[in-house]
Amino acid sequence: MVFAAPNEALARARGVLEDDPSPWHASVAHQAIGIWQRDWGDLRLALHHLRRARDLAVRAESPDREADVLAALGVALIHAGRTRQGLEALERGVAVSSGHTRARVLFRRAYASWVLGRHREALEDVRRAIPVLRQVDDVIWTARALTLRATVHLALGAVDRADADFAAAEELWDTTGQDHDKADVVESRGLAAFRQGDVPVALRLLDEAEERYAKLGTPSFMLSIRRCEVLMAAGLAPEALAVADAAIGVIDGIGGQSTRKAELLLVAARAARLAGDANTAIARAALAVRLFAGQRRPWWETHARLVLIEARLSAGRASGRLVADAAAVAERLASFGAPAAPEASLLAGRIALSLDWTQDAERHLAVAARSRHSGPPLARMTGWAAQALRARVAGSRRGVLEACRRGLDVLDDHRMTLGASELRARATAQGAELAALAQRVSLDSGEPRRLLMWSERWRATALSTPPARPPADPELLGQLTAFREIAARAEEARGGGRPVPALEREQRRLEREIRSRTLHMRGDRPGAEDRFDPGRLLDRLGGTRLVELAVLDGRVQVLLCGDGRVRRFEAGLLADAEAEAEHVQAGLRRLAHPGAEARLPLVEAMGRRLEELLLGPAAAHLGSGPVVVVPPGRLHRVPWALLPALRERVLSVSPSASGWLRARETAPPPRDRHVLVRGPGLATGGAEVPELADRYGRPTLLEHEDARVPRVLEELDGAALAHIAAHGTFRADSPLFSSLRMADGPLIVHDFERLDRSPYRIILSSCDTARLAAVGADELLGLVTALLPLGTAGVVASSAPVNDHAVVPLMLALHKGLADGLSLAEALRDARAALPDDALHQATGWAFTAFGAA
């Protein structure tokens, strides 16, 4: 009963002990309490109750009762880190038991072997137990044994065998009331989906398991560990670190299992390393190594040593000793049959290469490269990365590019199984090394066109296709509505100076649920995408110049496309450009307020400095026509119109050259429908909107109570032009919750992703609507990038705070140009020129950017 209704079992067991039970009954009650404390409470209390249960079983003169308790006690001792004593208790349990009871004890010993990383011993014990359990028709324990065997198969990389066992176990669980065991198998199926590379299904199953555990009131530290693994694979390492550290805190607080604490420390170390925190990774991994060693768990200890070596390398501690350590870890992992062995060999090869030990590097990389043809996507990418490094050592430029291409193809296939744009964007980080290798080879070859191809190969790939959208999902729609209502109430309370902690907690809860549900969405896994063709780009450019900025070894490389060719120029350091861009943002914030005119020359000087850093000598070769800038993700906040060479040009920005081509070839909708939206709380009241309504004749005008999110989305879908005057909020912590304030609350990025087709052109006349979060390899998340894959060909938005009053004349001038048949970029250039010649209006003009090609 303790795994069907844990808390009820605990209460019943305590009730038995209050009624002066017989030794046999008291033994059962103490064992149930001990199991409850072992798995969800204080391990010291668990050991006390299980030892008491053992002594009472001896008094009851029941060998099978004693054996059953010894098995539970042995597992508890293992989880307490007392491996020798735990194994002795399990051995004694096997010795004194027989028949059906012995099969159950063998299952527990198999479980202990799995915890210790002794997978072959675990498989042998469960192989002996299952026939006996089936023979006596013990459904519950047969299902447990099948679930355990499947989990061991997963640890060894045998996913197909695991699937078969999970399916058989699930059929059996459906005939029982063992709710905790059912939750456990759902959790394990989530792990299996992850091992097969299906991240959305893994997240959905782990969330389902968490809901089941929550109903039972039992924490699951194994679930936290598995969730961390999936989050890391999805590029969400900071979240994984937070989950692991929180679970460690809970274990420490209740005096829980030291085995699970060690495993949580291991995943925390991996997450910290992936999040770029090498020192935290070293500290967590070193502690995990010590705990695993003390627990006599060599399989786990070796995995922890692998992470420790990776973290030390990230901290810049490459050495000959580190090569030897990585090689030893790789050899030991291979002896265990662990799927991580190729990763360790690749690590040894990388370190050897950094020390110019080419022969050692080739030996280790050759071993790692064997994984490139089989296994889950990330394992195959490990193999292709090793193969690319081997080719580089051998001096084969063609070999490097072929390996990089094959590896990134694997990543593309994996990425297209992800429905959520956030996961697609973050997953690209897995290909950063391959793309950088290919770019380096292309740069060394002196072929700018090839460098352009590889720059595009991994740039803004998340925008290449729309995210999967479940517009009819009633649960998601309900969550979005509830979120909007709570957010609006919190905003109103804050405006009145009232405390809102309860509302903010509920808002965060709803955000988590919405995000979780969107991460569950699977991609359609379409066929091969159109590959970027430089020739096609050059044909379509005409008199336009496209400037793509690539970053290699920290320096900006300018690829100038036009006149049928691609030329390369070298500019400044990316770090210097980022710092200067932040200074410019601060300057624009000051200029958005009256009285800051004296800062205008300083901001203009910053613009000249940015031009030197970002364009270098290419600025003199831009010609006289329109310019499209394709910056790296980390430079998305640059106000490009501030650069002297671009200030008076027809200028647009695109996340990628491929994206610009798609936007240029996007056909406008058949109906020329205009939508004007005016949200609440603007300093000017959205003063440009009524005048625009008069100018356009009979547009769809949404204001006051009509400007509610459901109605706004309905009208925006398929519009030719939308103008939205509303307060914008960028959420750096969660970019897809960046919003525009409507009458009934925030209109967020997740709302826009439900549109069948977003407006062909959109003008966002509010602050910070062009702010984006750089994630993954070179991806961007935010409002603008959500619109571009959904059918929007052009967006005008602001990357800085702006003065509401100064925005009005800019918007009116912009729409005048559109009415005259100009593109967004052309109309924005003319609108800037038409503004009053003062610091406030100039800064407002510089803050707005035209994105896309409409």
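Anyway, here's the lowdown on the structure attached to this text. Predicted model, so just to flag it, every value in this text is computed and none were measured.

Basis of the calculations
- Residues numbered from 1 in each chain as written.
- Predicted model: local features only at pLDDT ≥ 70, side-chain atom pairs only at ≥ 80, totals over all residues.
- Heavy atoms only, no water.
- Buried < 20%, exposed > 50% of the residue type's maximum accessible area, 1.4 Å probe, protein only.
- Helix = DSSP H or I, 4+ residues; strand = E, 2+ residues; numbered from the N terminus.
- Pairing = 2+ DSSP bridges.
- Core = buried A, V, L, I, M, F, W, Y, C linked by side-chain atoms within 4.5 Å.
- Salt bridge = Lys/Arg side-chain N within 4 Å of Asp/Glu carboxyl O.
- 1 Å grid on protein atoms, 1.4 Å probe; cavity = no way out; pocket = protein on both sides within 12 Å on 5 of 7 lines; lining within 4 Å.
- Points joined across faces, edges and corners; volume = space filled by probe spheres on them.
- Nonpolar A, V, L, I, M, F, W, Y, C, P; charged D, E, K, R; others polar.

Here's the deal with the pairing of strand β16 (residues 848-852)
Among the 5 residues in β16, 5 count as buried, and that is most of the element. In terms of strand pairing, strand β15 (residues 794-798) meets β16 through 5 bridges, oriented antiparallel. Bridge assignment links S798 to a residue of β16, and that residue is F848.

Here's the deal with the nonpolar core
Ranked by size, the top nonpolar core spans 150 residues in total, and within it L264, L333 and C404 carry the most contacts. Of all hydrophobic cores here, the second largest spans 97 residues; its members include L643, A645, F752 and L764.

Overview of the pattern of salt bridges
In total, this model carries 56 salt bridges according to the counting rule given. A salt bridge links R212 to E208; the shortest N-O distance between them is 3.1 Å. Taken together, the residues span about one helical turn, with R212 and E208 both in helix α11 (residues 199-216) at a distance of 4 residues. When the shortest N-O distance is used, the salt bridge between R754 and D751 registers 3.1 Å.

Concerning unusual backbone geometry
Even without a glycine there, the phi angle at D137 is positive, about 60 degrees. Of note, R296 is a non-glycine position whose phi angle comes to about 55 degrees, a positive value. Along the chain, R296 turns up in the loop between α15 (278-294) and α16 (298-314).

Section: the layout of surface pockets
By volume, the second largest pocket amounts to about 1300 Å³. Lining the second largest pocket are 50 residues; nearest its centre among them are F3, I35, R38, D39 and R144. Secondary structure elements with two or more residues in the lining of the second largest pocket: α1 (6-17), α2 (23-40), α4 (63-79), α6 (99-116), α8 (139-155), α10 (179-195) and α12 (221-233). With 9 residues, α2 is the largest single contributor of residues to the lining of the second largest pocket. Within the lining of the second largest pocket, the residues separate by chemical class into 24 nonpolar, 11 polar and 15 charged.

Keep in mind that these numbers describe shape and distance, not what the molecule does.
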